[in-house]
Amino acid sequence: MSSAQIEIQLIACLVAIACAIPGTFLVLRKMAMISDAISHSILPGLVIGFFITEDLNSPWLILLAAVSGVITVIMVEFIQKTGLVKEDTAIGLVFPALFSIGVILIAKNANDVHLDVDAVLLGELAFAPFDRLFVNGVDLGAKSIWIIGTIVVITLTLLITFFKELKVSTFDKQLAATLGFSPLVIHYGLMSIASVTTVGAFDAVGAILVVALMIAPAAMAYLLTNNLKKMLIIAILAGIASALIGYWVAHYLDASIAGSMTTVLGFLFLLVYLFAPSKGLISVLYRQKRQQVEVYLLTFMLHLQNHTEESERHINHLGEHINWGKMQSKTVVDLALKNNMIVIDDNIISLTEKGKGFAEKAIDYITTNSTVAIEEMKEDFFLFRG
Amino acid sequence: METKYAITVDDLTVAYNYKPVLWDIDLAIPEGVLMAIVGPNGAGKSTLIKSILGIIKPIAGSVKIFGKPYKKQYKEVAYVPQKGSVDWDFPTTALDVVMMGTYGSLGWIKRPGQKEKKAALEALEKVGMLSFKSRQISQLSGGQQQRIFLARALVQNASIYLMDEPFQGVDATTEKAIINILKELRKAGKTLIVVHHDLQTVPEYFDWVTFLNVKKIATGPVKDIFNDGNLTKTYGINYKVSVQE
């Protein structure tokens, strides 16, 4: 690996870390779309900052761009608060407007500088190592490493310092307020970090990938754990993994690095979405299927409980009586047999003592609808799982 | 003996988009009562609680907690919001939610330690949820979630408890368990204010009541003012509840 390759991968990983942290909280606060808005609407701030500083790498530029990110959030909230349009509409109104102002400003005034719309949307990670940081003539490495590295350090420090405050205000805003933690301060703090991260990162990876790196790793982590700390760690690791795999995919396909990273992110998310142990699609469908069978079993037991006459309990007539197909009847009867809830004597089905107890509990649950009964039922239902 | 007031509300008016939801409320809640706030839907019951807590800014009037503004007294007050006000899919456990109750006394930055954890475990035990401490909160039933919220308020070790419909959607066992804890708290000298829906249980559960329907209709001891006259004034229809003496 050349040093440029290592630098590119380092930048990609740093960006992934910087994005995963605010991204996790945006996802939990159901504000994923706001990252999209921020990533686009920092453009006018960037352009205006450039006019003032005439330096594309000035820290003032990053700060001004971040301010325009926060202004976006304020504008969205203001429009939404009037009650005339909904939040998603407000987002859709604000960021294209700000972005297009940025586009016009570039076209009118900055044609001769390296600030074009393509670079803004897609970034170009491959060029990042060319832009070096020199101090007293000594080459300290790619500028992006220093910029994003600083953002990562700040973000991590803030996260560790204010973890408790972030957690409580994300889970229960009202409680946070009554405990003396102003949700507004935390909200705008988070929005500022999200904005700064976006500005720092999008120079390297572009506005679209910033959004992907904020949301996809957090969404994956959300499906994989029930613990906020683990969620943050998984999101960071997922981001880093996508960054590295994406880089090498791009290397072998000779394609855009940003594009490859986003594709890998999408692919990894798909895997998690399908195969996550308890929250994945397959696991959820499997559980639904089991629950359906449980309901059938319950229906069957209640039927047996209600009918003493033999004609209603004949194994061959079961289907006709409760309007079930052959397969379905067989599944349910087999399950009940396996759990010793019924006995079949001369083709007549009867409940065992255990079956009677179960049916009675079930009736109890259905008639009282008490959650205490459900708790007990759940224990019983686990008998049928797996 | 002079009565000491836990909460005094003066000329409180709250409006959403120019429509008043609370109109000129005067209310003095004596220390040590277990009080129900009753009234029809849209009467402003939750709004009143949120205004006391400073979550909602009134357009007029003031609220004092033991004679001082809420901002200076927030450690004296514990709040149990409606269960539906949070996302129960949030990645955290029952114990962790209860621990959040200790955050107020910790203040900014400082982290909960062993002492806070011990308090949280005790509170979980008190509400009968200790065996569920590691359960992910979405795996809890509605009644259990409500108990968790109560435990979270208990660890705040406050003097005043404000509760927004703690009995909504809970089973009979949980309702009994919660009311027993509330009565215990009152015995310990705490002041409890509960938004309540089930008029039948008011005389059994509470010793103080406030009738609210945008304006304050009446406030006082249940035995004196919980009668058909006030119920009719509050609910606007001819209301009859048999109050057992």
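What you see is a predicted model; the values in this text were computed from it and never measured. Numbers given to residues run from 1 along each chain, matching the order in which its sequence is written. Naming scheme: in the order in which they are written, chains are lettered from A and ligands are numbered from 1. Residue-level local features of this predicted model are given only where pLDDT is at least 70; pairs of side-chain atoms are given and counted only at 80 or more, and the full residue set underlies all totals for whole chains, interfaces and linings. By convention in this description, side-chain values take in all heavy atoms of the structure and omit both hydrogens and water.

### A word on the environment of alanine 123 of chain B
Note the threshold: Secondary structure elements are taken from DSSP: a helix is a run of H or I of four residues or more, a strand is a run of E of two residues or more, and numbering for both begins at the N terminus.
Relative to the helices and strands, alanine 123 of chain B is located in helix α5 (residues 114–126). The spacing of alanine 123 of chain B and leucine 199 of chain B is 76 residues in sequence and 29 Å in space, taken between C-alpha atoms.

### Things to note about the domain arrangement of chain A
The extent of an interface is frequently quoted as the accessible surface area lost upon association of the parts. Rules: For the domain bounds, the source is a domain assignment made automatically or taken from a database.
You can read the domains of chain A as domain 1 (3–277) and domain 2 (282–381). Placing the centre of domain 1 of chain A and that of domain 2 of chain A at their C-alpha centroids yields a distance of 53 Å.

### Side note on the interface of chain B and chain A
So the rule is basically this: Working rule for contacts: check all heavy atoms of both residues, and any pair within 4.5 Å makes them a contact. The term buried area refers to how much accessible surface (probe radius 1.4 Å) is lost by two components on association, counted for both of them together. Just to be clear on terms, a salt bridge is a Lys or Arg side-chain nitrogen sitting within 4 Å of an Asp or Glu carboxyl oxygen. Polar contact is the term for a pair of N or O atoms within 3.5 Å; when the atoms are in protein, one must be able to donate a hydrogen and the other to accept it, and sequence-neighboring residues count only if both atoms are side-chain atoms. In this classification, Asp, Glu, Lys and Arg are treated as charged, Ala, Val, Leu, Ile, Met, Phe, Trp, Tyr, Cys and Pro as nonpolar, and every other residue, Gly included, as polar.
Taken together, the contacts link 39 residues of chain B with 32 residues of chain A. The largest per-residue losses of area from chain B upon contact with chain A belong to Phe90, Pro91 and Trp108 of chain B, which jointly make up 24% of the total buried on that side. Where chain B packs against chain A, one counts three salt bridges. The salt bridge involving aspartate 96 of chain B is made with lysine 167 of chain A; its shortest N-O contact spans 2.8 Å. On inspection of chain B and its partner chain A, the count reaches 12 residue pairs in polar contact (both at pLDDT 80 or more). Looking at the side of chain B that touches chain A residue by residue, the class counts come to 19 nonpolar, 11 polar and nine charged.

### Brief notes about the sheet that holds strand β1 (residues 5–16) of chain B
Residue and element names in this part refer to chain B. Definition in use: For two strands to count as paired, DSSP must find a minimum of two bridges between them. The axes used here are C-alpha line fits, helices contributing only the stretch in contact, and every angle between their N-to-C directions lies in the interval 0 to 180 degrees.
Pairing is antiparallel in the open sheet, where three strands are placed in the order β2-β1-β4. In this open sheet, the two strands that pair with only one neighbour each are β2 (19–30) and β4 (60–65). With direction set aside, neighbouring strand axes in the sheet form an average angle of 15°. Note: β1 against β4, five bridges, orientation antiparallel. By the bridge assignment, threonine 8 is partnered in β4 with lysine 64. Relative to the sheet, helix α1 (residues 45–52) contacts β1, β2 and β4, its axis offset from that of β1 by approximately 115°.

### Quick word on the packing of aromatic side chains
To keep it simple, the criterion reads: We call Phe, Tyr and Trp rings a pair once their centres come within 6.5 Å, taking the six-membered ring for Trp, and we label the pair stacked below 30 degrees between planes, edge-to-face above 60, and tilted otherwise.
For the structure shown, the criterion picks out 11 aromatic pairs over all chains. Ring centres of phenylalanine 171 of chain A and tryptophan 88 of chain B lie 6.1 Å apart, and the angle between their planes is 85°; on these two criteria the pair is classed as edge-to-face. Taken together, the residues phenylalanine 171 of chain A in helix α7 (residues 163–171) and tryptophan 88 of chain B in the loop between β5 (77–80) and α3 (94–99) connect one chain to another. On the basis of an interplanar angle of 15° and a centroid distance of 5.9 Å, the ring pair of phenylalanine 211 of chain B and phenylalanine 226 of chain B is categorised as stacked. Here phenylalanine 211 of chain B, found in strand β8 (residues 208–213), pairs with phenylalanine 226 of chain B, found in the loop between α9 (222–225) and α10 (228–235); they are 15 residues apart in sequence, far enough to count as distant.

### Points about a nonpolar patch on the surface
All names here are of chain A. Under the convention used in this document: Residues form patches when they are more than 30% accessible in relative terms and have no salt bridge. Like charges link within 9 Å. Nonpolar side chains (Val, Leu, Ile, Met, Phe, Trp, Tyr) link within 5 Å. Every accessible area reported is derived by Shrake-Rupley at a probe size of 1.4 Å, with residue values counting cover from the shown protein chains alone.
A cluster of nonpolar residues, Phe267, Leu270, Leu271, Tyr273, Phe275, Leu281, Ile282 and Leu285, forms a patch on the protein surface that exposes about 740 Å² of accessible area. Where the nonpolar patch is concerned, the elements lending two or more residues are α11 (257–275) and α12 (281–306). Looking at the nonpolar patch element by element, the count peaks at five residues for α11. Note that phenylalanine 267 resides in helix α11.

### Some points on a negative patch on the surface
The line we're drawing: Within this scheme the basic residues Lys and Arg register as positive and the acidic residues Asp and Glu register as negative, but His and the chain ends are omitted. Working definition for charges: the position is that of NZ of Lys, CZ of Arg, CG of Asp or CD of Glu.
A grouping of Asp10, Asp11, Asp24 and Asp26 of chain B is seen on the molecular surface, where their side chains present a negatively charged patch. With respect to the helices and strands, the residue aspartate 26 of chain B is situated in strand β2.

### Regarding the packing of helix α6 (residues 143–161) of chain A against helix α9 (residues 183–224) of chain A
Residue and element names in this part refer to chain A. To keep things clear, this is the line we draw: Should an angle fall under 35 degrees it is called roughly parallel, over 145 degrees roughly antiparallel, and 65 to 115 degrees roughly perpendicular, with every other angle called oblique. A crossing counts as left-handed when the near helix is turned anticlockwise from the far one by less than a right angle, and as right-handed when that turn is clockwise.
Between α6 and α9, whose axes approach to 10 Å, the crossing angle comes to 155°. In this view, α6 runs roughly antiparallel relative to α9, as classed from their interaxial angle. Read as a crossing pair, α6 and α9 show a hand that is left-handed. Of the residues in α9, those in contact with Ile147, Ile148, Ile151, Ile154, Thr155 and Leu158 of α6 are Ile193, Val196, Thr197, Gly200, Ala201 and Ala204. Taken together, the residues of the contact of α6 with α9 sort by class into nine nonpolar, three polar and no charged.

### Things to note about the sheet that holds β8 of chain B
All names here are of chain B. Read from one edge to the other, the open sheet built from six strands follows the order β5-β6-β7-β3-β8-β9, with strand pairing classed as mixed. This sheet does not close on itself; its edge strands, each paired only once, are β5 and β9 (215–221). Adjacent strand axes in the sheet meet at a mean angle of 15°, parallel and antiparallel pairs treated alike. In the sheet, strand β3 (residues 34–38) pairs with strand β7 (residues 191–195) via four bridges, with the strands oriented parallel. Along β7, the bridge assignment pairs alanine 36 with valine 194. Along the sheet face, α1 touches β3, β5, β6 (160–164), β7 and β8 and points at about 145° away from the line of β6. In this fold α10 packs onto β3, β8 and β9, with an angle of close to 30° to the strand it touches most, β8.

### Focus on the environment of aspartate 89 of chain B
Quick reminder of the rule: Working definition: with a 1.4 Å probe on protein chains only, accessible area under 20% of the residue-type maximum means buried, over 50% means exposed, and in between means partly exposed.
In this fold, aspartate 89 of chain B is placed in the loop between β5 and α3. The exposure class assigned to aspartate 89 of chain B is partly exposed, which follows from its relative accessible area of 41%. Residues aspartate 89 of chain B and alanine 123 of chain B lie 34 residues apart in sequence; the distance between their C-alpha atoms is 22 Å. Sequence-distant contacts of aspartate 89 of chain B, that is, excluding residues within four places in its chain, are made with Tyr222 of chain A together with Gln136 and Ser138 of chain B.

### So, the nonpolar core
Going by this rule: Only buried residues count toward a nonpolar core, which is a set of Ala, Val, Leu, Ile, Met, Phe, Trp, Tyr and Cys residues joined through side-chain atoms within 4.5 Å.
Residues Ile11 and Leu125 of chain A together with Phe167, Leu182, Phe206 and Val209 of chain B are the most contacted members of the largest nonpolar core, which totals 141 residues. The greatest single-element share of this core, amounting to 21 residues, is contributed by α9 of chain A. Not counting residues up to four positions away in its chain, the partners in contact with phenylalanine 167 of chain B are Glu175, Ile178, Ile179, Leu182, Val194, His196, Tyr205 and Phe206 of chain B. Ranked by size, the runner-up nonpolar core spans 29 residues in total, among them Ala6, Val14, Leu48 and Tyr79 of chain B.

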